[in-house]
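# A closer look at the structure
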Amino acid sequence: MFTRRQIWKVLCAGIVLIGSNSTLRLSYGAELREPIRLSSENGILDLLMIAKASPIYSLPSAPIGWVYEICKRPQDGSEACPQKSSRPNLYGGTLLHLQKGDILRIHLVNDLPPVPDSEHASEPGHEFLELNPTNLHTHGMLVAPRRPTESNPTYGDNIFVLTFNSLNGKPAVSPHMHSDIRYDFTDYEIKIPASHPSGLFWFHPHAHGISLNQITAGLSGIITVGDLSDYVCKDRACSSLVSQIRERHMILKDTQLPPSGKIQTPEDSDFCAGAGMTVRRGKAPAMAKIIVMRAVRIIPAASGL
Ligand SMILES: [Cu+2]
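The structure reproduced in this document is the subject of the present report. (Residues numbered from 1 in each chain as written. Predicted model: local features only at pLDDT ≥ 70, side-chain atom pairs only at ≥ 80, totals over all residues.)

## Side note on the sheet that holds strand β3 (residues 64-72)
Counted only if it meets this: Note on pairing: two strands pair once DSSP finds at least 2 bridges between them. Only DSSP runs of H or I with at least four residues qualify as helices, and only runs of E with at least two residues qualify as strands; both kinds are numbered from the N terminus onward. The axes used here are C-alpha line fits, helices contributing only the stretch in contact, and every angle between their N-to-C directions lies in the interval 0 to 180 degrees.
Read from one edge to the other, the open sheet built from four strands follows the order β3-β2-β5-β9, with strand pairing classed as mixed. The sheet is open, and its two edges are formed by β3 and β9 (185-191), each paired on a single side. The average angle at which neighbouring strand axes cross in this sheet is 20 degrees, direction not considered. Pairing analysis gives nine bridges linking strand β2 (residues 44-55) to strand β5 (residues 103-111), with the strands arranged parallel. By the bridge assignment for β5, Leu48 is matched with His107.

Structure (structure tokens):
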């Protein structure tokens, strides 16, 4: 049986909520769907991950945001995911379902457009940020920030590499890059140690000076390692009970959608104007503010969610 403490741990274990003063205004009552899920097989999750601009159909008037399109890596080496008849909710984020001891391989492609309103690009030596370079970080995971070697040309969870989209132009050499410079794609190979804690993590770009632009425009996703019962339960009875509970995963994103319909990023001077805004005296806020950039795992205490 569950002890009171175990029930509390179930309820709290995965819920990470940031930004308690935010205003959450749902535009319309859509069905809560689980994110797209990609699971490792035989100890490997081998992915094609394309960072690109795309309409966000789940937001009013489908503004253009930046999303990750992710699929199992095509056998023929192509850099396009198979197209589906139904439109996937890429803004809702993809969940990478891993186990301890797995290897996560990612072929990251930068198809992002230039970002002319990047504030930091106006700082001396940082003009290259306008070209919208990106990279990848697995937030919270205990993995190696490995650099490529002759025998293994891939990167680990290393944020000191910038991948530019060559269609946006080539950057001038700058001492402020602090990173390896690559064009169009970078291959990552991230080994999850067998001793890695089970739990909920997330991934996002971590290119210094522009990562906030990229995350708030939509670039992030969820990682889970192991199972919920691993860190909630101490005995088999608890594990079998927890395995019957339906988990729901949400990723909450810090995207502002003003009436202009053009998504704002934190580099816009008006970005903070809506922060902490509350509905007072029946007046609705001028913006839909969907705060928080972290993954949330919800475990309903009752069925039906
Ligand atoms: Cu992070």
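Next comes the rest of the account.
## Comments concerning the sheet that holds strand β10 (residues 199-204)
Sheet strands pair by backbone hydrogen bonding; their relative direction is either parallel or antiparallel. Reading across the sheet, the five strands line up as β1-β4-β11-β10-β6 and stay open at both edges, with mixed pairing between neighbours. Since the sheet does not close on itself, it has two edges, and those belong to β1 (36-39) and β6 (137-139), each with one partner. The sheet shows a mean angle of 25 degrees between the axes of neighbouring strands, direction not considered. Bridge count for β6 against β10 is three bridges, and the pairing is antiparallel. Within β10, the position partnered with His139 by the bridge is Trp202.

## Some remarks on the nonpolar core
Convention followed: Residues enter a nonpolar core if they are buried, belong to Ala, Val, Leu, Ile, Met, Phe, Trp, Tyr or Cys, and are joined to the set through C-beta atoms within 7 Å. Backbone-placed C-beta atoms define the burial measure: a residue is buried with 20 or more other C-beta atoms within 10 Å of its own, exposed with 12 or fewer, and partly exposed in between. For the purpose of contact definition, each residue receives a C-beta atom placed from its backbone, and two residues are in contact when these atoms lie within 7 Å.
Counting residues in hydrophobic clusters, the biggest one holds 50 residues, and the most contacted among them are Met49, Tyr68 and Ile223. Mapped by element, the contributors of at least two residues to this core are β2, β3, β4 (94-98), β5, β7 (161-164), β9, β10 and β11 (221-225). Considering each element in turn, this core owes the most residues, six residues, to β2. Ignoring anything within four residues of it in the chain, the contact list for Tyr68 reads Met49, Ile50, Ala51, Leu90, Thr94, Leu219 and Gly221.

So, to be careful, I would describe these as geometric facts and stop short of saying anything about function.
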